[in-house]
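In case you want the letters, here they are:
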6 protein chains.
Amino acid sequence: MKRAVYPGSFDPVTYGHLDIIKRASTLVDELIVGVLVNPSKSPLFTLEERVDILRKVTADIPNVRVERFSGLLVNFVSEMGARIVVKGLRALSDFDIEFQMALMNRKLAESQETIFLMTSDKYAFLSSSMVKDIYRLGGKADCLVPPYVSERLQAKYANLQNQQQEEE
Amino acid sequence: MKRAVYPGSFDPVTYGHLDIIKRASTLVDELIVGVLVNPSKSPLFTLEERVDILRKVTADIPNVRVERFSGLLVNFVSEMGARIVVKGLRALSDFDIEFQMALMNRKLAESQETIFLMTSDKYAFLSSSMVKDIYRLGGKADCLVPPYVSERLQAKYANLQNQQQEEE
Amino acid sequence: MKRAVYPGSFDPVTYGHLDIIKRASTLVDELIVGVLVNPSKSPLFTLEERVDILRKVTADIPNVRVERFSGLLVNFVSEMGARIVVKGLRALSDFDIEFQMALMNRKLAESQETIFLMTSDKYAFLSSSMVKDIYRLGGKADCLVPPYVSERLQAKYANLQNQQQEEE
Amino acid sequence: MKRAVYPGSFDPVTYGHLDIIKRASTLVDELIVGVLVNPSKSPLFTLEERVDILRKVTADIPNVRVERFSGLLVNFVSEMGARIVVKGLRALSDFDIEFQMALMNRKLAESQETIFLMTSDKYAFLSSSMVKDIYRLGGKADCLVPPYVSERLQAKYANLQNQQQEEE
Amino acid sequence: MKRAVYPGSFDPVTYGHLDIIKRASTLVDELIVGVLVNPSKSPLFTLEERVDILRKVTADIPNVRVERFSGLLVNFVSEMGARIVVKGLRALSDFDIEFQMALMNRKLAESQETIFLMTSDKYAFLSSSMVKDIYRLGGKADCLVPPYVSERLQAKYANLQNQQQEEE
Amino acid sequence: MKRAVYPGSFDPVTYGHLDIIKRASTLVDELIVGVLVNPSKSPLFTLEERVDILRKVTADIPNVRVERFSGLLVNFVSEMGARIVVKGLRALSDFDIEFQMALMNRKLAESQETIFLMTSDKYAFLSSSMVKDIYRLGGKADCLVPPYVSERLQAKYANLQNQQQEEE
């Protein structure tokens, strides 16, 4: 395995994502973290912010590169010169959806292969949207995201609250 | 178990919720039904209506109290002087999501405990959103909600239809 | 089994739907494909387009009729003089939701029966929304939809893109 | 649908099985209940007893016939001149196994079709082995099996206990 | 909640069981750990050994009592003067079977209630049979069972191996 | 990824296993198929037969080696100088058990990693035990196993039947 792509929204990256990034980076020569532009959802962090945060928290893993992508995943994988897609599986994740997407990608690009890695049991329950819920409601979750992400979440929601108050 | 919290949106309360409320009320000294303010979703009934309906249909259970809450569930539980959260499990419910939230809450408040009770098999299929679909489409479901809730649902949708016709 | 109803949004019909239509049509005298008006979602194709596409791709199956419906499914089934509802089950479908709806319908109309047929394993991963994602992102999936549907999807997204560019 | 086969071990038949038999019998001209010889498991009731019990409790449904079978299900279905296999789905059944067997049968006999009916929610939890556990441990479950089956279970376990005591 | 029963085979007790015992013991006045005699399976440890091990490892929890039981669980619960059954739920446990048994018990004893507690995510994967597999194959798993259980497992398998060699 | 182990009973190898072997062999320098001795189950084919059959049907894949193993998987993996375990995931497989074993192995050998590959949707329903059922009952399944395995299965069951008749 020369090069693999780990795709996602990373809005924001959690310790669960980092766990998969670290595990996958030991299996391949180069791991490309692909950040989905995804214009149909409205993410909390902009694409630039999500890429920036990911680069900060993966700076110490030498063979990890962070790239943005739009369009079909299979096209991005082939543009990157990769043929492996990495996905994390949580005990409680929506396995059906992951499996559907992987089978669909196989139809679109027979030569590409999706490999699933298990997230650590410590992060079985963890999702970006749950982390956002906690910070939106004024909580803090240092055991779920790196300190830098925690700061960015607090700043982001403080910002949003200020905007709302000004509008009122 | 002195005091427990049963949280939810209750938009509106169904016989499935009432089944859990009755079961839980026999296990604890006081059961607090916590109605989520939940500003991000647009509920059919306002917070006041949901609290009012719940108080009507639980009036005959002496150790049940209905309260509204916003913010993190773990904070509400501790403000209420409780340490138990009650959740209903249906055979067909999205068990994964319930489990994720309960594990997340454990991270945020180690001393609190979530206990799951099984809903009666008669209500295995029942959800507030299915009940609303039936009434919105002109149906009636007396076996799924108490008579008072059935009336409120019919009045609400008659009201909404009148508003729409006036706007047109 | 004289007459059965196969309900859905069909936005658009896929080879997975067609697989169920063909299987079901051999089991009954007449199969009515019921296209849901569904005003709460915003479909890609209008009701007229969805009905039109379905009629084109089922033209060669003599005992299949395509009809639109709104309101409760159980009312439509009884208006059609049917008492059987056909649903497709995929290995990876959200079985829980299907089961909930079927149990709910049984409460509303005891004399009606839902029968589940298995979709071919070739289409285990297939859903209308995945097909739309592929075409929206400029891909093509001739193995998932009939040629006529593929053309309609390409035309529709070309159209939408032109509209967007004019608006900018 | 002229004729269908409902296969199983029926060791012994429960109200859950009877629920499916009644529902299926209204959908077809003739329903053949196929009792599996199954030499690899050691059933509580002999093949003759299981067939006898089934005939007793289905005596009032005119278009139901009870037959024993060994070998491949697809061969039995074709010998019976049927092409439909009926299976019951419980909310809590092992859906995966049912689906695997149905897909396997489709590979072996493309022209045969498996249709799944939902068991009543009253019997979502019910299985023959649970019923046997209750009677083996001296309990009684009149709400789960017809009176005649209840008697046969009590007689069978009384008999087995006598045999054990004589052996000691 | 005055008194509750936590039933199981405990062959042997693991840190996962102990996690549930500790959580449950804080919710009730007295927790009775009910060790199933279970003559139909062949356990690794005898009933006496399993009770003995459980008493050793729960000696420091004052309101926990270990008792053996045979027959129907609902009868044991009522003999103990309890009306609550405690069960542990793991993210990866066979939830369906637990739910079936709990619904069955509700049919047999309407006044009894099963409450489910979540096992710590650290033990999501843990089962007695997996622990036995590891020790049988010569491994050691100090993070999964208390030191005393680890010793007993090693002694038991050393013993079994000696017996086998003598027989040969 | 230099070297990986694909463990199993392979009693016998099916096209589903071969699908995973082919996919995995393109991802690593060397793939070791580890055949489990497994003294606790009674396999249809002896260890020697299972190894022999696997070597025949993988003879044309240069970087695949077939080896037997007993004891803990993590020990075998480390003896082979590998640190990757490959497992196949079927849409309908018992995902929970696979996940439990992989998490357990991670506890026993932190440096080893399990990667899951999806089996082709064509084999979503396929298991060795289903194949054996078909041949035991006199059926034939050329689309599920290679011709050589089909012959071995027919010979094996013909043999077993002769033995049984001689004993009678």
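A quick note: this is a predicted structure, and the numbers were derived from the prediction, not measured. (Residues numbered from 1 in each chain as written. Chains lettered and ligands numbered in written order. Predicted model: local features only at pLDDT ≥ 70, side-chain atom pairs only at ≥ 80, totals over all residues. Heavy atoms only, no water.)

1. Some remarks on the relation of the copies chain B and chain D
(1) Moving on: Superposing chain B onto chain D requires a rotation of 180 degrees together with a translation of 0.0 Å along the rotation axis, leaving an RMSD of 0.0 Å. In the structure described here, the two chain copies are related by an operation that fits a two-fold rotation axis.
(2) Moving on: Interface residue correspondence from chain B to chain D reaches 100%, placing this contact among same-surface, isologous pairings. (Least-squares fit on C-alpha atoms with pLDDT ≥ 70 in both. Contact = heavy atoms within 4.5 Å.)

2. Describing the relation of the copies chain A and chain F
(1) Moving on: Rotating chain A by 180 degrees and moving it 0.0 Å along the rotation axis overlays it on chain F with an RMSD of 0.0 Å.
(2) Moving on: Most of the interface of chain A is mirrored in chain F: 100% of its interface residues are interface residues there too.

3. Looking at the confidence of the model for chain A
All names here are of chain A.
(1) Moving on: On average, chain A scores 92 in pLDDT, and the residues at 70 or more come to 97%.
(2) Moving on: Mean pLDDT across the elements of chain A bottoms out in helix α4 (residues 95-108) (87) and peaks in strand β3 (residues 64-69) (98).
(3) Moving on: At the level of chain-chain contacts, confidence expressed as ipTM amounts to 0.91, with global pTM at 0.92. (pLDDT = per-residue confidence, 0-100. Helix = DSSP H or I, 4+ residues; strand = E, 2+ residues; numbered from the N terminus.)

4. Here we look at the packing of helix α5 (residues 128-136) of chain F against helix α6 (residues 147-167) of chain F
All names here are of chain F.
(1) Moving on: Between α5 and α6, the shortest axis-to-axis distance is 10 Å and the interhelical angle comes to 55 degrees. In terms of their interaxial angle, α5 and α6 are classed as oblique. For the element pair α5 and α6, the recorded crossing hand is right-handed. When α5 is examined against α6, the residues V131, K132, Y135 and R136 are found in contact with a partner set consisting of S150, L153, Q154 and Y157.
(2) Moving on: Each residue belonging to the contact of α5 with α6 can be placed in one class, and the counts come to 4 nonpolar, 2 polar and 2 charged. (Axes fitted to C-alpha atoms, helices over the stretch in contact; angles between N-to-C directions. Parallel < 35°, antiparallel > 145°, perpendicular 65-115°, else oblique. Left-handed = near helix turned anticlockwise from the far one by under 90°. Nonpolar A, V, L, I, M, F, W, Y, C, P; charged D, E, K, R; others polar.)

5. Regarding the interface of chain B and chain D
(1) Moving on: Facing 5 residues of chain B, the contacting portion of chain D comprises 5 residues.
(2) Moving on: For the pair chain B and chain D, the two sides together bury roughly 360 Å², of which 64% comes from carbon and sulfur.
(3) Moving on: There are 0 salt bridges connecting chain B and chain D.
(4) Moving on: Applying the counting criterion to the chain B and chain D interface returns 0 residue pairs in polar contact (both at pLDDT 80 or more).
(5) Moving on: For the side of chain B that touches chain D, the class distribution of residues is 3 nonpolar, no polar and 2 charged. (Buried area = accessible area lost by both parts, 1.4 Å probe. Salt bridge = Lys/Arg side-chain N within 4 Å of Asp/Glu carboxyl O. Polar contact = N/O pair within 3.5 Å; in protein donor to acceptor, adjacent residues only side chain to side chain.)

6. Overview of the interface of chain A and chain F
(1) Moving on: Listed by partner, the interface residues are 25 residues for chain A and 25 residues for chain F.
(2) Moving on: Regarding the contact of chain A and chain F, the summed buried area is about 2400 Å², with carbon and sulfur atoms giving 61% of it.
(3) Moving on: The largest share of the area that chain A buries against chain F comes from L27(A), R106(A) and M118(A), three residues that together contribute 27% of it.
(4) Moving on: Our count for the contact surface shared by chain A and chain F stands at 4 salt bridges.
(5) Moving on: We note a salt bridge from R23(F) to E113(A), for which the minimum N-O separation is 3.2 Å.
(6) Moving on: Our count for the contact surface shared by chain A and chain F stands at 8 residue pairs in polar contact (both at pLDDT 80 or more).
(7) Moving on: Its residues assigned to classes, the side of chain A that touches chain F comprises 13 nonpolar, 4 polar and 8 charged.

7. Structural notes on the packing of helix α2 (residues 47-57) of chain F against α6(F)
Residue and element names in this part refer to chain F.
(1) Moving on: One can describe the packing of α2 onto α6 by two numbers: an axis separation of 10 Å at closest approach and a directional angle of 155 degrees. Judged by the inter-axis angle, α2 sits roughly antiparallel to α6. Contact residues: E49, D52, I53, K56 and V57 in α2; Y148, V149, R152 and K156 in α6.
(2) Moving on: Along the lines of polarity and charge, the residues of the contact of α2 with α6 split into 4 nonpolar, no polar and 5 charged.

8. Here's the deal with the arrangement of the chains
(1) Moving on: With respect to C-alpha atoms, chain A approaches chain D no nearer than 13 Å, and the pair has no contact.
(2) Moving on: Across the gap from chain C to chain E, with no contact made, the nearest C-alpha atoms are 13 Å apart.

9. A few points about helix α4 (residues 95-108) of chain C
(1) Moving on: With 14 residues, α4(C) should cover 20 Å at 1.5 Å per step; its first-to-last C-alpha distance of 20 Å lies within 8% of that length.
(2) Moving on: For α4(C), the set of buried residues is F95(C), E98(C), F99(C), Q100(C), A102(C), L103(C), M104(C), N105(C) and R106(C). (Expected span 1.5 Å × (residues − 1). Buried < 20%, exposed > 50% of the residue type's maximum accessible area, 1.4 Å probe, protein only.)

10. Some points on the side chain of K87(E)
Residue and element names in this part refer to chain E.
(1) Moving on: Looking at the element boundaries, K87 is found in strand β4 (residues 84-89).
(2) Moving on: Residue classification places K87 among the buried residues on the basis of a relative accessible area of 17%.
(3) Moving on: Apart from residues lying up to four places away in sequence, K87 is in contact with Y6, P7, E98, M101, T114, I115, F116 and L117.

11. Topic: the sheet that holds strand β2 (residues 30-36) of chain B
(1) Moving on: The sheet built from 10 strands is open, its strands ordered β3(B)-β2(B)-β1(B)-β4(B)-β5(B)-β5(E)-β4(E)-β1(E)-β2(E)-β3(E) with mixed pairing. Looking at which strands have only one partner, the edges of the open sheet turn out to be β3 (64-69) of chain B together with β3 (64-69) of chain E. Within the sheet, the average angular offset between the axes of one strand and its neighbour, ignoring direction, is 35 degrees. (Pairing = 2+ DSSP bridges.)

12. Notes on the sheet that holds strand β3 (residues 64-69) of chain C
(1) Moving on: Strand order in the open sheet made by the 10 strands is β3(C)-β2(C)-β1(C)-β4(C)-β5(C)-β5(D)-β4(D)-β1(D)-β2(D)-β3(D), with mixed pairing throughout. Each end of this open sheet is capped by a strand with a single partner; those strands are β3 of chain C together with β3 (64-69) of chain D. Within the sheet, the average angular offset between the axes of one strand and its neighbour, ignoring direction, is 35 degrees.
(2) Moving on: Sheet strands in contact with helix α2 (residues 47-57) of chain C are β2 (30-36) and β3 of chain C, and its direction is about 155 degrees off that of β2(C).

13. Quick notes on the pairing of strand β5 (residues 113-118) of chain E
(1) Moving on: The element β5(E) is extensively covered by neighbouring structure, given that 6 of its 6 residues are classed as buried.
(2) Moving on: Of the pairings in the sheet, the one linking strand β5 (residues 113-118) of chain B to β5(E) comprises 3 bridges and is antiparallel in character. Residue pairing across strands places F116(B) opposite F116(E), the latter belonging to β5(E).
(3) Moving on: Note: β4(E) against β5(E), 6 bridges, orientation parallel. Note that in β5(E) the partner of L89(E) across the bridge is M118(E).

14. Topic: the pattern of salt bridges
(1) Moving on: Applying the stated criterion across every chain yields a total of 96 salt bridges over all chains.
(2) Moving on: In this structure, the salt-bridge partner of R152(A) is D52(A), at a minimum N-O distance of 3.0 Å. Note that R152(A) is positioned in helix α6 (residues 147-167) and D52(A) in helix α2 (residues 47-57), a separation of 100 residues in sequence.
(3) Moving on: The partner of R136(F) in a salt bridge is D133(F), with the nearest N and O atoms 3.2 Å apart. On the criterion of helical spacing, the pair formed by R136(F) and D133(F) is a turn pair, its members being 3 residues apart in helix α5.
(4) Moving on: A relative accessible area of 39% places R136(F) in the partly exposed class.
(5) Moving on: Linked by salt bridges that have partners in common, E49(A), D52(A), K56(A), R152(A) and K156(A) make up one network.

15. Quick look at helix α6 (residues 147-167) of chain C
Residue and element names in this part refer to chain C.
(1) Moving on: Here α6 is 21 residues long and its end C-alpha atoms lie 31 Å apart, about the 30 Å a rise of 1.5 Å per residue gives.
(2) Moving on: Where α6 is concerned, the buried positions are V149, S150, R152, L153, K156 and Y157. The buried residues of α6 occupy an angular sector of 165 degrees when the element is viewed end-on, so they sit on one face. Away from the buried face of α6 by more than 90 degrees, exposed residues P147, E151, Q165 and E166 are located. (Arc of directions from axis to C-beta.)

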